Each structure stands twice: as structure tokens, then as C-alpha cells.
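Residue-level listing of the chains:
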Amino acid sequence: MPKKKIIIANWKMNLIEAETVLLVKELIKELGDSPEKVDVVLCPSFIPLDEVSKLLEGTNIKLGAQDIFWETRGTYTGEISPRMLQEWNCEYVIVGHSERRQNFKETDEMVNKKVIAAVENDLIPIICVGETKAERKAGKKKSVVKKQLLAALKNVKLDRAKEIIIAYEPVWVIGTGKPVKPEDAEEMHVMVRGLLDKLYTPALRDKYFRIIYGGSVDSKSASDFFKQELIDGSLVGGASLLVNEFVGIVKAAANY
Ligand code: PGA
């Protein structure tokens with residue numbers, strides 16, 4: 001049975017609060033307040049979370065954050081704790097995005113701590129994994145993603161989780177406007193699914209996980225990805241900043 005698709009907007013560090021509010025209002029108008037056939041999640045930067053949470057009240061659009069710290073409180077200057085995300089009514093949180101792994105040297109161990117913190121605090125982690133161009137050229141795409149996934153899921157108590165989203169994002173296509181071929185993404189999804197089946201069981205994988213693709217998806221390419229049986233949705237960066245593009249992606253997902 002194909003799963004309900006989930007489309008997640010990652011606005012990264014692109015919008016100030018006023019711009020975020022405008023975009024959210026437009027999306028609510030365009031998507032209606034209840035995208036029934038598709039789960040839609042918006043991930044603004046931290047500052048507008050409170051404001052966006054109020055705007056989304058009474059709609060079916062969900063709120064997510066772009067990162068989380070693993071401790072609930074303490075002397076961690078500049079960090080954002082799971083409690084703060086809960087206070088802002090976040091239900092989802094992106095963890096281990098390649099931009100954090102590359103620019104801020106987040107390690108697999110740090111990603112794992114964040115996944116555990118999310119799960120233990122009733123947040124749904126969106127775990128990003130993916131290979132670089134050099135790793136792909138060296139024939140290591142599967143081993144890299146496997147290593148990232150095994151590390152991210154270490155000691156995660158599935159029975160504590162509401163859900164876990166795995167986002168396969170080949171690092172070298174993010175932000176380029178050129179996604180990988182949908183069959184190429186599907187091949188990686190087959191691998192991820194197989195790994196989850198081995199780690200848990202097919203039944204638990206089916207109960208707790210959705211596996212999505214991210215990397216230069218836009219309204220034109222979206223259908224080709226969602227047609228693939230194992231692609232449960234998308235994590236969208238650039239195209240999610242444009243109302244028509246993002247709405248087009250959500251509508252494409254609603255057809256599958
Ligand atoms: P992109 O970003 O859609 O702009 O490639 C995807 C992501 O970084 O999650």
C-alpha cells in the first residue's frame with residue numbers, strides 16, 4: 001500500500017519574519033486549510049516559529065524546525081532545545097541536513113543524539129542522509145548512506161517514536177535545480193527500505209517510517225518522483241520559497 005505523501009518545506013536561512021508570515025498566509029490561501037491527501041510541513045527558521053504556529057492554528061498544515069539541540073536545558077549558548085520547539089507547537093524537526101554536516105561539522109554521533117532527543121520529546125525527526133559527488137564517483141553512495149542511517153538510528157527506541165522520516169538527499173544535487181533521475185532515487189529508497197527491514201522488521205518499518213527524496217525537486221519534476229512506488233514525498237528547499245512551485249508540488253503529490 002502506498003503511504004500518504006508528505007511534502008516538507010525547508011526555508012533554510014532565506015526569509016525574515018515578515019516574509020515568512022506573508023508566505024505562510026499565501027500558502028494557507030492556496031492550499032486551503034486542509035490538505036487532506038498530503039501531509040504538508042513548513043520549516044521556517046527559529047525566530048518566526050511562534051508566529052507561524054499561530055497562523056497555522058486550525059489548519060492541517062504542520063510546523064517543523066530546521067534543527068534541534070539534544071539537551072533539554074543548560075549552558076549551551078545559542079542552542080534551541082526540544083522544550084522550546086514544543087512550546088512553539090513544532091511537530092517535526094529536520095536533523096542532520098547536509099548543510100549542517102558540511103558547514104558546522106555535525107558528526108553522525110551528533111545527528112544520533114539529536115534524533116534521540118527528538119523522539120524522546122515527541123517530535124518527528126526528518127533524518128537527512130546522502131552522498132557527496134566524490135563519494136558517488138567512488139562508488140560509495142550506498143555504503144555512505146547506510147553508515148549515516150545506522151549511526152542516526154542507533155539506540156533509538158521505536159516504541160517511543162510517533163514516526164520517523166528518512167530523507168534521502170544526494171548532497172551534490174541540492175540547490176542545483178537538477179535532481180537525480182527518479183529511478184536513481186528509487187534505487188536508493190529500495191536500499192534504505194531493505195536496511196530498515198533488517199534493522200527492525202517490515203511491519204515496524206511500515207508502521208514507523210516514511211522515506212522521502214530531497215534535492216532540486218520542483219513542480220515540473222515532482223510527479224516523476226511521486227510516481228515511484230517507494231518515494232513517500234519530498235523535502236523541498238528552493239522551490240518551497242515560491243508559492244506556485246510549492247503548491248504545484250503538493251498538488252502533484254495528491255495525485256498518487
Ligand atoms: P533544494 O534543497 O530543493 O533547494 O535542492 C533541498 C534541501 O536542502 O533539503
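Residues numbered from 1 in each chain as written. Predicted model: local features only at pLDDT ≥ 70, side-chain atom pairs only at ≥ 80, totals over all residues. Heavy atoms only, no water.

1. Some details on the nonpolar core
Residues L42, L85, I164 and I166 are the most contacted members of the largest nonpolar core, which totals 69 residues. Sorting elements by how many residues they give to this core places helix α11 (residues 243-254) first, with 8 residues. Excluding anything up to four places from it in sequence, L42 contacts A9, W11, V24, L27, L56, I61, K62, L63, G64 and F246. Residues I6, I8, C128 and L235 belong to the second largest nonpolar core, which totals 13 residues. (Core = buried A, V, L, I, M, F, W, Y, C linked by side-chain atoms within 4.5 Å. Buried < 20%, exposed > 50% of the residue type's maximum accessible area, 1.4 Å probe, protein only. Helix = DSSP H or I, 4+ residues; strand = E, 2+ residues; numbered from the N terminus. Contact = heavy atoms within 4.5 Å.)

2. Some words on the packing of aromatic side chains
Counted under the stated rule, the structure contains 5 aromatic pairs. Judged by centre distance (4.8 Å) and plane angle (45 degrees), the ring pair of F69 and Y76 falls under tilted. Judged by its relative accessible area of 9%, F69 is buried. Here the aromatic residues F69, W70 and Y76 are joined through ring pairs into a cluster of three or more. (Phe/Tyr/Trp six-rings, centres within 6.5 Å; stacked < 30°, edge-to-face > 60°.)

3. Some details on the site of the ligand
Every residue close to the ligand is listed here: N10, K12, H97, E169, I174, G175, G215, S216, L235, V236, G237 and G238. Between E169 and the ligand, the recorded distance is 2.7 Å, taken from a side-chain N or O atom to an oxygen atom. A distance of 2.8 Å is found between an oxygen atom of the ligand and a backbone nitrogen or oxygen belonging to G238. For the ligand, whose free accessible area comes to 280 Å², the fraction covered by protein is 96%. For the shell around the ligand, the per-class residue count stands at 3 nonpolar, 7 polar and 2 charged. (Near = heavy atom within 4 Å. Polar contact = N/O pair within 3.5 Å; in protein donor to acceptor, adjacent residues only side chain to side chain. Areas by Shrake-Rupley, 256 points an atom, 1.4 Å probe, with all protein chains shown as cover. Nonpolar A, V, L, I, M, F, W, Y, C, P; charged D, E, K, R; others polar.)

4. Remarks on the layout of surface pockets
In this approach, a probe sized like a water molecule rolls over the atoms, and the result shows the empty space that is left. If you add up the space inside the largest pocket, you get close to 530 Å³. K12, M13, Q66, R100 and F104 are the residues nearest the centre of the largest pocket, which is lined by 19 residues in total. Counting residues per element, the lining of the largest pocket draws most heavily on helix α4 (residues 98-103), at 3 residues. Residue composition of the lining of the largest pocket, grouped by class: 8 nonpolar, 6 polar and 5 charged. By volume, the second largest pocket is sized at about 250 Å³. Forming the walls of the second largest pocket are 17 residues, and the residues nearest its centre are R101, G130, E135, V144 and Q148. (1 Å grid on protein atoms, 1.4 Å probe; cavity = no way out; pocket = protein on both sides within 12 Å on 5 of 7 lines; lining within 4 Å. Points joined across faces, edges and corners; volume = space filled by probe spheres on them.)

5. Regarding the pattern of salt bridges
Applying the stated criterion across every chain yields a total of 22 salt bridges. The salt bridge partner of R100 is E106, with a shortest N-O separation of 2.8 Å. Relative accessible area serves as the criterion here: at 25%, R100 is assigned to the partly exposed category. Between K141 and D184 there is a salt bridge, and its shortest N-O distance comes to 3.6 Å. (Salt bridge = Lys/Arg side-chain N within 4 Å of Asp/Glu carboxyl O.)

6. Topic: the packing of helix α5 (residues 108-120) against helix α7 (residues 141-152)
Following both chains from N to C, one finds α5 and α7 inclined at 45 degrees, their axes separated by 8 Å at the closest point. When the axis of α5 is compared with that of α7, the two are oblique. Contact residues: α5 offers D108, V111, N112 and V115, while α7 offers K147, Q148, A151 and A152. Classifying every residue of the contact of α5 with α7 by side-chain character gives 4 nonpolar, 2 polar and 2 charged. (Axes fitted to C-alpha atoms, helices over the stretch in contact; angles between N-to-C directions. Parallel < 35°, antiparallel > 145°, perpendicular 65-115°, else oblique.)

7. Notes on the sheet that holds strand β3 (residues 62-65)
One closed barrel accounts for 8 strands, arranged β1-β2-β3-β4-β5-β6-β7-β8; its pairing is parallel. Averaged over all adjacent pairs, the angle separating strand axes in this sheet is 25 degrees, with direction ignored. Taken together, the 5 bridges between strand β6 (residues 164-168) and strand β7 (residues 209-214) define a ladder with parallel strand orientation. Looking at the pairing, A167 lines up with I212 of β7. In the packing of helix α8 (residues 182-199) onto the sheet, contacts are made with β6 and β7, and the angle to β7 comes to roughly 155 degrees. (Pairing = 2+ DSSP bridges.)

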